[in-house]
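Below are the chains, spelled out letter by letter.
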Amino acid sequence: MSEVVKALVERLIRENKVMFFGKSYCPYCKNAKNLLASKNIAFKTFEIDLESNGPEVQDYLQLKTGQRTVPNIFINNQHVGGNSDLVAANENGRLDTLLKGKTEL
């Protein structure tokens, strides 16, 4: 695993309140992006399929989170998970808590 890729992923997560790793053609990614947009939540996107180091980024995310699938979403440095996790967090109020920077569940 490249230290450059690790540093890139960690920097993106650290510097962006909402960091979204996805693929441009993924319907689950589109759904999650639509949910974030509907709540006027700004987010930074890294499209794994459009970046030359995308496969390495996806490999590192799997090591970091245990999740291979996309989307792979972080809010305030905390791993949220994928689309179904984001939808559940929205429905149970955890999304708003995470956005406020609180880590309790």
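Scroll up to find the structure this text is about.
From a predicted model like this one, the values you see are computed outputs, not experimental measurements. (Residues numbered from 1 in each chain as written. Predicted model: local features only at pLDDT ≥ 70, side-chain atom pairs only at ≥ 80, totals over all residues. Heavy atoms only, no water.)

1. Quick look at the sheet that holds strand 4 (residues 78–81)
On the basis of which strands lie adjacent, the open sheet formed by 4 strands has the order 2-1-3-4 and mixed pairing. The open sheet has two edge strands, strand 2 (44–47) and strand 4, and neither has a second partner. Neighbour-to-neighbour, the strand axes of this sheet turn through a mean angle of 20°, independent of strand direction. Here strand 1 (residues 18–22) pairs with strand 3 (residues 72–75) via 4 bridges, running antiparallel. Note that in strand 3 the partner of Val 18 across the bridge is Ile 75. On the sheet, helix 1 (residues 3–15) packs against strand 1, strand 2 and strand 3 and is oriented at approximately 135° with respect to strand 1. Its contacts with the sheet put helix 2 (residues 27–38) on strand 1, strand 2 and strand 3, and the angle it makes with strand 1 is roughly 160°. (Pairing = 2+ DSSP bridges. Helix = DSSP H or I, 4+ residues; strand = E, 2+ residues; numbered from the N terminus. Axes fitted to C-alpha atoms, helices over the stretch in contact; angles between N-to-C directions. Contact = heavy atoms within 4.5 Å.)

2. Thoughts on the pattern of salt bridges
Inspection of every chain in the model, using the stated rule, returns 6 salt bridges. Lys 33 is the salt-bridge partner of Glu 47, the closest N and O atoms lying 2.4 Å from each other. Placement of Glu 47 in strand 2 and of Lys 33 in helix 2 is noted, with a sequence separation of 14 residues between them. Pair check on accessibility: Glu 47 and Lys 33 agree, each one buried. With its nearest N and O atoms 2.6 Å apart, the salt bridge here joins Asp 59 to Arg 68. (Salt bridge = Lys/Arg side-chain N within 4 Å of Asp/Glu carboxyl O. Buried < 20%, exposed > 50% of the residue type's maximum accessible area, 1.4 Å probe, protein only.)

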